[in-house]
Amino acid sequence: MPVHQVSAEPWARKPLVFVVEDEADIARLICLHLDTSGYTTRWFPSSSSVIEEAVKEPPSLFLLDVMIPGSDGLELCRHIRLAKPLAGAQIIFLTARAGEADRVRGLELGGDDYITKPFSPRELVARVRAVLRRSRESAQTAEVLKLGEIEIDGSSMILKVAGSPVQTTTREFRLLDYMARHATRVFTRDQLLDAVWSEGSFVTPRSVDVYMRRLREKIEPDPDNPVYLKTVRGIGYRFDVPKE
């Protein structure tokens, strides 16, 4: 069970953030700054019971330390992304691991942002706010796109391929939605980072490649020979509309 809950306000009134951090002093600092910035927080010192509690009351965002007792933050992220009731939740990693390989691994598993320790509480709050703001902006896109076998409903964040729902992370959905709404336009990796990722996110152009590979595995009949998400050698990517 969680050992800490901040704010007596009903959860429905404020975005709920699950803070999974084993160091009590850091967890209290995070909860204090988020609570005073308009969020409700629940603190978990380990991965135990996080999924169970989240399914009961889905949070808007998970803030995950990587090195935690039990299943580590990366494994917990994987389980969150497999839980259908948590499909719309955002995930930010907070960790002392600063290597590119660790960041890429986190993104591959479905993370939306990556903050390294030591961190500025003000920056952390800003990154949480930016991730949730972009998620809301994506959800407000009302038009349903139908391109070939792909159907993208921006208002409900539902993706269907050949009529069947396909599970995506919020970041995957936003990237696909953005490219599909600008079909045939060629984007560099940096342009996609600017359009889809939070300002100041600790990601690199390689992150775009990670997400493209994951999206191709979900929407393409043959991911090695994509029909929709095409690589433009030496430049970046474009979304193609198959000819009838």
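What counts and how
Residues numbered from 1 in each chain as written. Predicted model: local features only at pLDDT ≥ 70, side-chain atom pairs only at ≥ 80, totals over all residues. Heavy atoms only, no water. Helix = DSSP H or I, 4+ residues; strand = E, 2+ residues; numbered from the N terminus. Buried < 20%, exposed > 50% of the residue type's maximum accessible area, 1.4 Å probe, protein only. Contact = heavy atoms within 4.5 Å. pLDDT = per-residue confidence, 0-100. Pairing = 2+ DSSP bridges. Axes fitted to C-alpha atoms, helices over the stretch in contact; angles between N-to-C directions. Salt bridge = Lys/Arg side-chain N within 4 Å of Asp/Glu carboxyl O.

**Some points on the overall build of the protein**
- When you go through the protein residue by residue, the secondary structure sums to 8 helices and 13 strands.
- Looking at the 244 residues of the protein, the share that counts as buried comes to 48%.
- Of all intrachain contacts in the protein linking residues separated by at least 6 positions in sequence, the fraction that spans at least 24 positions is 62%.

**Comments concerning the confidence of the model for the protein**
- Scored by pLDDT, the protein has a mean of 84; 88% of the residues are at 70 or more.
- In this model residues 5–12 is a low-confidence stretch, pLDDT under 50, and it forms 16 contacts with partners more than four residues away in sequence or in other chains.

**Things to note about the sheet that holds strand 9 (residues 158–161)**
- Here 4 strands make up an open sheet; going across it, the order is 7-8-9-10 and the pairing antiparallel. Across the chains shown, the open sheet's two edge strands, defined by having one partner strand only, are strand 7 (144–147) and strand 10 (164–166). Put simply, the sheet's adjacent strands are angled 25 degrees from each other on average, direction ignored.
- Pairing analysis gives 3 bridges linking strand 9 to strand 10, with the strands arranged antiparallel. For Val161, the partnering residue across the bridge sits in strand 10 and is Ser164.
- Strand contacts of helix 6 (residues 170–180): strand 7, strand 8 (150–153) and strand 9, with the helix running at about 110 degrees to strand 8, the strand carrying the most contacts.

**As for the pattern of salt bridges**
- Going through the model one piece at a time under the given rule, you end up with 17 salt bridges.
- By sharing partners, the salt bridges in this structure join Arg42, Glu52, Glu53 and Lys56 into a single network.

**Focus: the pairing of strand 3 (residues 40–44)**
- The buried count for strand 3 comes to 5 of 5 residues, which makes it a mostly enclosed element.
- Here strand 3 shows no split at all, with Thr40, Arg42 and Phe44 on one side and Thr41 and Trp43 on the other all buried.
- As judged from the 5 bridges shared by strand 2 (residues 16–20) and strand 3, these two strands associate in the parallel manner. By the bridge assignment, Leu16 is partnered in strand 3 with Thr40.

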